[in-house]
Structure formats: C-alpha cells, structure tokens
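Each chain, written out:
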Amino acid sequence: MYNLDEFISRLERRNPSQGEFIDAVKEVLESVIDTVNSNPVYLKNRILDRITEPDRVISFKVEWENDEGDIEVNKGYRVQFNNAIGPYKGGLRFHSSVTLGTMKFLAFEQVFKNSLTTLPMGGAKGGSDFSPKGKSDAEIMRFCKAFMTELYKYIGPDEDVPAGDIGVGGREIGFLYGQYKRIKTVHEGVLTGKGLEYGGSLVRPEATGFGTMYFASDMLKEKGEEMEGKRIAVSGFGNVAWGAVMKASQMGAKVVTISGPDGYILDEDGINTKEKWDYMLALRASNRDIVSPYAERFGAKFIAGRKPWGEKVDMAFPCAIQNELTLSDAKELVSNNVSYVVETSNMGVSSDAREYLIENKVNFAPGKAANAGGVAVSGLEMSQNALHLSWSSEEVDARLKEIMHNIHASCVEHGRKDDGYINYTDGANIAGFKKVADAMCREGY
Ligand code: 2IT
C-alpha cells in the first residue's frame with residue numbers, strides 16, 4: 001500500500017527545487033491513490049514509483065550568435081517521460097522561466113493528457129530558457145538551428161515528435177524542421193504544427209483554443225446551459241488565447257478580456273471580429289510580448305500590471321502560463337459568482353486556487369483535459385503524415401470535436417461524486433492514468 005504523504009516527501013527529497021513538478025504529481029496522485037491501493041497488480045508493479053520517474057532527461061547546451069555578433073548560450077532540454085502507449089509527444093517551450101523542473105512538470109502532465117486523447121502518444125516536453133522577446137527573426141532562426149543541431153539526435157517520427165508550446169509557433173517550427181531536414185536529409189513527420197506547405201495539418205494552429213471551447217460547451221450542456229450569451233474572461237494573447245477567443249465568439253459568447261505580461265485589455269464590445277483576431281497574431285509576431293497596443297487600436301481599456309480575474313464574468317479561461325490564477329484570484333472570481341473556470345494553460349490554476357474553486361462547487365476543468373485538443377490534432381497530423389495525405393479542415397475539426405467530447409465523457413464517468421458534482425480533475429486523472437498504468441504493467445520493467 002502506498003501512503004501518499006510519505007510518497008510525496010520522498011519525491012521532494014529526490015527532486016529538490018522542483019516545486020512545479022511536485023505539485024503536478026501530487027494533483028494526479030491525490031486523484032488516483034485509492035484506485036492504485038485497491039489494485040494488487042498496480043501495487044506489485046510499483047506503479048507509482050515507476051510512473052513518476054521520467055524515462056530520460058536530456059539536457060544540452062545551445063550556442064548561437066546574436067545580431068551584434070556576440071555568442072549567446074542557453075540551456076536546452078527534452079524530458080522523455082513515458083512512452084508506454086506510443087512515441088514520446090509534447091511541445092517545446094521557449095521562455096525565460098524554463099527550468100528543468102518546469103520541463104518535468106509539463107512532460108508529466110503530457111503523459112496523462114495524451115492518454116486521454118485516446119490516440120497512441122506517450123508524453124514528453126522540451127524547450128529552452130531562450131526568450132524570443134525583443135529578438136529579430138534572424139536571431140530566432142539562428143537559435144532554432146542551434147537548438148535542433150542538438151535535439152535531432154533524440155527524436156524521430158516513431159521515437160519522439162515535438163511540437164510548439166509557449167514561444168514556439170509556426171515560424172519556429174519551420175526553422176526547426178528545416179534544420180532537421182538539412183542534417184538528416186529525410187522529409188518525415190518528426191514535428192507537428194508544421195506549415196501546410198510541408199506536411200502540416202489544417203486546424204492545428206486553432207486546435208487548442210477550439211478544443212477548450214468544445215469541452216466547455218459540453219460542461220455547460222451537462223448543467224443544461226449553453227455558450228450563447230456567456231460573458232468570458234480569457235488571459236494571454238498568444239496562439240491558444242487566439243483560438244479560444246475565435247471559437248467562443250463563433251459560439252455566441254462574448255469574450256471581454258485578453259492579457260499579456262504588461263496588463264490586460266477590457267473590450268466591452270467583445271473581441272469578436274476578424275480584424276481583432278488578426279491583430280492578436282500581429283502582436284505575437286512583433287516579438288514584443290505586450291498586449292497594450294490593442295487598447296489604442298480598438299478603443300478598449302488597458303489595465304496595466306493586472307490580470308483579468310477581477311472582472312465579473314460567467315466563465316474564466318486562463319490561457320497564458322502555469323500558476324497564473326492564484327488563490328486570491330480564485331476568491332475574487334467566486335465572490336463575483338463565476339460558474340466555470342476552464343484551465344487552458346498547463347497548470348494555469350495554482351493548487352490552492354484549484355482546491356478553493358472545487359470546495360466552492362465552481363465547475364472546474366483541468367488543463368490536461370480542456371487543452372488536449374492541441375496535442376490531439378498533433379496526433380492527427382502524425383496520422384496524415386504516416387498516410388502521406390491531408391484531410392480537409394471539416395474532417396480534422398469533426399475529429400477534434402469528437403475527441404473533446406469523448407474526453408469530457410471520460411471525465412464525467414470517473415469524476416462524478418455522490419452529490420452529483422463533477423470533479424473533472426479526478427475524472428481526467430483517473431481516466432488518463434489507468435491506460436498508461438495498464439500498458440506499463442503489461443510491458444513489464
Ligand atoms: O501542452 C501541449 O499539449 C502542447 N504544447 C502541444 C503538444 C503537441 O505535441 O502538440
């Protein structure tokens with residue numbers, strides 16, 4: 001039998017200064033501990049010890065030249081956490097906050113998220129403490145080339161298939177893919193999120209944001225409600241926020257906020273036109289990492305240095321970065337009668353905030369369920385590459401919808417409590433865990 005507190009204390013001793021990783025493991029283990037302790041096969045297989053240790057942690061040096069001709073040095077990582085159910089799969093993050101602990105938490109989350117999609121993908125994550133902020137396109141290209149010159153040794157279409165995450169979009173994937181191809185002289189599906197000209201999938205750029213709205217709309221249906229007329233706060237202004245804002249508007253909801261490291265935008269007219277959505281993309285392409293120019297461009301309000309969680313809304317969608325919604329934010333949302341918090345960034349809601357929301361019976365969905373649409377369409381991109389064909393956007397979108405619908409159903413099946421409240425965190429963790437754990441038991445050690 002596992003004792004949860006003892007297990008976590010030991011994990012902390014073995015993984016010092018990796019708070020985010022410990023938080024992510026704790027969240028999953030709290031949900032699955034009873035399932036594990038009541039299953040002799042899991043116990044005999046020491047499943048918790050094995051599932052919380054990454055298969056491989058790769059750390060490398062990235063040397064590149066800036067526009068002044070100076071040499072810069074960054075850290076590069078790939079954490080291949082678990083490949084029990086398929087090749088390693090997960091994004092690359094280029095952000096100044098990246099540490100080994102960040103990579104490990106993201107890779108761990110990815111294992112269960114990928115399992116939930118029902119597609120055959122293991123879990124991994126990679127990235128660098130390189131920040132694209134303030135860099136020229138030429139510098140970003142030189143960095144991407146240097147990064148791939150190391151990374152190519154460890155990846156392959158049946159081995160490990162990276163994609164984008166924060167700071168890594170279509171532009172970066174293009175540079176990374178070009179370098180892989182130059183070195184290996186093969187054109188193969190080693191990355192997802194590629195451009196349409198060279199093997200990408202339709203709907204991949206929008207997929208995370210679209211998927212989270214499909215999931216949210218199922219949460220609403222479960223309560224006899226609908227998206228139409230809902231007032232929504234979104235944080236972030238990157239790729240994920242962009243897709244989320246578009247789909248919410250198409251579903252008849254009104255998104256009134258987006259945000260950046262500099263503050264948030266309040267647009268009472270709704271962020272609901274193609275011009276506004278395109279402007280979000282332009283903001284990201286400018287490499288400045290600020291959202292404030294939106295206010296001037298569209299006559300909206302800019303609130304400097306603040307996050308959007310103080311606004312009175314029906315639904316909140318954190319779409320930026322981990323721990324962006326804290327306990328005090330959760331308290332403010334609850335006092336403003338928020339009904340739904342749909343975590344769209346990975347671990348966007350801090351542990352204590354999540355507990356508070358659940359205690360207060362807010363309908364809360366964890367990122368590994370709500371944001372799985374991104375990696376799900378990555379999985380569909382892998383299928384298309386393997387078949388050497390491309391599906392129409394209608395076909396990809398229909399598959400995405402079905403996958404999100406199935407994830408929602410799994411969460412409900414495993415997360416419904418006696419009083420009828422659906423604990424989506426428990427549901428997602430139990431459903432995601434079982435498949436990986438069963439595969440590991442069958443494959444032996
Ligand atoms: O967090 C995520 O699921 C992603 N960044 C997407 C990973 C992927 O392989 O598409």
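Residue positions are given per chain, counted from 1 along the sequence in the order it is written. Only residues with pLDDT of at least 70 are given local features in this predicted model, and only at 80 or more are side-chain atom pairs given and counted; all residues enter the totals for whole chains, interfaces and linings. Hydrogens and water are ignored here; the side-chain numbers use all heavy atoms of the structure.

Caption draft 1: Examining the sheet that holds strand β5 (residues 160–164) more closely. Here we have five strands laid out as an open sheet, ordered β1-β2-β4-β3-β5, and mixed in their pairing. Looking at which strands have only one partner, the edges of the open sheet turn out to be β1 (56–65) and β5. Strand-to-strand twist of the sheet, defined as the mean angle between neighbouring strand axes without regard to direction, takes the value 20 degrees. The pairing of β1 with strand β2 (residues 71–82) spans 10 bridges and is antiparallel. One bridge is not enough; two strands pair if DSSP finds at least two bridges between them. Only DSSP runs of H or I reaching four residues or more are called helices, and only runs of E reaching two or more are called strands; each is numbered from the N terminus. Lines fitted to the C-alpha atoms define the axes, with helices restricted to the stretch that makes contact. Angles between their N-to-C directions range from 0 to 180 degrees.

Caption draft 2: Layout of the environment of I155. Along the chain, I155 falls in the loop between α6 (137–151) and β5. Residue exposure (1.4 Å probe, protein chains only): buried if accessible area is under 20% of the type maximum, exposed if over 50%, otherwise partly exposed. For I155, a relative accessible area of 2% gives the class buried. With 58 residues separating them along the chain, I155 and M213 place their C-alpha atoms 32 Å apart.

Caption draft 3: View of the site of the ligand. Each residue is tested against the molecule or strand, and it is near if at least one of its non-hydrogen atoms lies within 4 Å. Taken together, 14 residues sit near the ligand, with K89, K113, D165, R204 and S378 positioned nearest. The separation between an oxygen atom of the ligand and a polar side-chain atom of Q110 is 3.1 Å. Between N or O atoms, a polar contact is any pair within 3.5 Å; within protein, one atom must be a potential hydrogen donor and the other a potential acceptor, and residues adjacent in sequence are included only when both atoms are from side chains. Within the contact set of the ligand, a nitrogen atom lies 2.9 Å away from a side-chain nitrogen or oxygen of D165. In the complex, 94% of the free accessible area of the ligand, which totals 290 Å², lies under the protein chains. Polarity classes work like this: nonpolar for Ala, Val, Leu, Ile, Met, Phe, Trp, Tyr, Cys and Pro, charged for Asp, Glu, Lys and Arg, and polar for all others, with Gly in that last group. Among the residues making up the shell around the ligand, the classes are represented as two nonpolar, seven polar and five charged. For the area figures, the Shrake-Rupley method with a 1.4 Å probe applies, and any residue is considered shielded solely by the protein chains shown.

Caption draft 4: Up close: the pattern of salt bridges. A pairing counts as a salt bridge when a side-chain nitrogen of Lys or Arg comes within 4 Å of a carboxyl oxygen of Asp or Glu. Applying the stated criterion across every chain, the model contains 28 salt bridges. The closest approach of N and O atoms between R231 and E268, which form a salt bridge, is 2.9 Å. With R231 in strand β6 (residues 231–234) and E268 in the loop between β8 (263–266) and α10 (274–285), this residue pair connects regions lying 37 residues apart in the sequence. The exposure class of R231 is partly exposed, given its relative accessible area of 22%. The shortest N-O distance in the salt bridge between K276 and D267 comes to 2.9 Å. For the pair shown, K276 and D267 are each scored as buried. Taken together, the salt bridges that share partners define one network made up of E27, E109, R354 and K368.

Caption draft 5: Highlighting the sheet that holds β6. One open sheet accounts for seven strands, arranged β9-β8-β7-β6-β10-β11-β12; its pairing is mixed. Across the chains shown, the open sheet's two edge strands, defined by having one partner strand only, are β9 (301–304) and β12 (363–365). Pairs of neighbouring strands in the sheet enclose a mean axial angle of 15 degrees, with direction left out of account. With two bridges connecting them, strand β10 (residues 315–317) and strand β11 (residues 340–342) associate as parallel partners. Across the sheet, M315 pairs through a bridge with Y340, a residue of β11.

Caption draft 6: Geometry of the side chain of D397. Among the structural elements, D397 can be located in helix α16 (residues 393–415). The buried charged residue D397 lacks any salt bridge partner; its closest oppositely charged side chain belongs to K401, at an N-O distance of 4.2 Å. Not counting residues within four places of it along the chain, the set of residues in contact with D397 comprises V203, F210 and Y214. His is not counted, nor are the chain ends, whereas Lys and Arg count as positive and Asp and Glu as negative. By definition, residues are in contact when any of their heavy atoms lie within 4.5 Å.

Caption draft 7: Inspection of the state of the cysteines at higher detail. In what follows, a disulfide is any cysteine sulfur pair within 2.5 Å. Per the stated rule, a full pass over the model turns up zero disulfides. A disulfide-free cysteine, C319 has its sulfur positioned 17 Å from the sulfur of C411, the nearest such atom.

Caption draft 8: Examining the nonpolar core more closely. Here the nonpolar core consists of buried residues drawn from Ala, Val, Leu, Ile, Met, Phe, Trp, Tyr and Cys, with membership extended through side-chain atoms lying within 4.5 Å. Counting residues in each nonpolar core, the largest one holds 62 residues, and the members touching the most others are F215, I232, V234, I258, F317 and I407. In terms of residue count, the dominant contributor to this core is helix α8 (residues 204–222) (eight residues). With residues up to four places along the chain from it excluded, the contact list for F317 reads T212, M213, A216, I232, A233, V234, S235, W309, V342 and T344. Of all hydrophobic cores here, the second largest spans 39 residues; its members include I22, Y42, L106 and A437.

Limitation: the analysis is restricted to geometry and does not speak to function.
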